[in-house]
Structures are given as C-alpha cells and as structure tokens.
Amino acid sequence: MELVSKEFGLAKRDEAPVLARMSRDYVEQGLNWRWRTPAILNMIRDPEAVVLCVRCQRPGTNGSEVAPRPGRHGTADGRWRGTVIGGFGIMQYAMERAHLNLLAVHPSLRRHGLASDLLTWLEKTAVVAGIARVDLEVRARNTGGRAFYRARGYEEADFVPRYYSGVESAIRMHKRLR
C-alpha cells in the first residue's frame, strides 16, 4: 500500500491502547501479553525511555476522511483508512546502553521503510544521549527480524533459551553506536 505521508512523534497517552494491541498482535503473538496499556503508559511517562510513533496517511485521504478512534490501528480485515499509527518503537536508556524493548509496524504498511526509519530515529536519539550501545532480543525463529537487525549493523551475541514467556527462545543482539 502506498503512503501519502508519514510523521514521527512521541506517543501520546491516549495512543497507549493502540500500541499495546499492536504489540499483542504483531510482536507478542502466541506469548503471554506483557506489553498491555499500563506498561506502555509507564514507558510514555518514563523520562529514561522514548516511545516513538509513526503516523501514516494513505493516498486519497486528507487525514480527516475517516478519523480512527483513539486506540485504533486498522480495520478488522487489516485495511486502514485515514491517519493511523503505522508503527512504533520503545527504547529505554541507561548510562552507556539503551535497550530496544519493542519495534512494530502494521502489516499493511510493511516494506515501506517504517521500521528502518523508526530504528534510525531511536538510534540517533541514543547517540545524542551519549549511549554507546543498543541491545535487543528477537525471537530465535524470527529469521526475518534477525536479518533486518543484521542489515542495520546489529550482531547476534547470545542464544537465550525460553526467554519469551518460558516457551520461546531469543537471540540477544547489539550494535555499537560509537
């Protein structure tokens, strides 16, 4: 699907429910749902974290044609109309390291560079904050996700058995920023 525009900005509190559902539907499938609305709200409020959204608009709309309800991330059939949250990322910062907690893009908007743009924005913010390294975990069987991160300079570091809900293993990855 072609995009007319995309706008990056910090998540708003009323967007936490949609981010939680996107995490459940696109990241945490088959796992215990950890990133519910209260957890997302905690990250939005956390001064040591950034919750970044990309808001997208499709061709032929002016953003007000079919305004989505707060918390909406598309229609039940996967299509979308008007302005929607196309993706988001959550990164937490510590002294020298940052941790990418979540990165998700709506399925109908994948292959438009949104994940790369979100990750680049978050990494630039980390550099400004003096962060030397970004860490993340990805499902071991998620070969596409692993390839995505490798293509952006991340290295696979560790295999972590039963990392996700005690049922699925992860690969820990990192990237040196400086």
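Conventions we followed
Residues numbered from 1 in each chain as written. Predicted model: local features only at pLDDT ≥ 70, side-chain atom pairs only at ≥ 80, totals over all residues. Heavy atoms only, no water. Pairing = 2+ DSSP bridges. Helix = DSSP H or I, 4+ residues; strand = E, 2+ residues; numbered from the N terminus. Axes fitted to C-alpha atoms, helices over the stretch in contact; angles between N-to-C directions. Contact = heavy atoms within 4.5 Å. pLDDT = per-residue confidence, 0-100.

Asker: Help me out: how do you make sense of the sheet that holds strand β7 (residues 168-176) in this one?
Answerer: Two modes of strand pairing occur in sheets, parallel and antiparallel, and in both the strands are linked by backbone hydrogen bonds. The strand order across the open sheet built from seven strands is β1-β2-β3-β4-β5-β7-β6, with neighbouring strands paired in mixed fashion. Pairing within the sheet leaves two strands with one partner each, and these edge strands are β1 (5-10) and β6 (155-164). Direction aside, neighbouring strands of the sheet carry axes that sit 25° apart on average. Direction of pairing for strand β2 (residues 49-57) relative to strand β3 (residues 83-93): antiparallel, over a ladder of nine bridges. Its bridge partner being in β3, V50 is matched across the sheet by M91. Helix-sheet contacts for helix α4 (residues 143-151) involve β4 (97-105), β5 (133-139), β6 and β7, and the interaxial angle to β5 is about 160°.

Asker: I would appreciate a short explanation of the environment of G86 in the present structure.
Answerer: Mapped onto the fold, G86 is located in strand β3. Separated by 78 residues in the primary sequence, G86 and F8 have C-alpha atoms spaced 10.0 Å apart. The residues touching G86, leaving out its near neighbours within four places in the chain, are M22, V54, R55, C56, A104, V105, H106, L109 and L114.

Asker: Explain the confidence of the model for the protein to me, please; I cannot follow it from the model alone.
Answerer: A low pLDDT score tells you not to read the predicted coordinates there in detail. Across the protein, the average pLDDT comes to 87, with 84% of residues at or above 70. Here β1 is the element of the protein with the lowest mean pLDDT, 92, and helix α2 (residues 37-45) is the one with the highest, 98.

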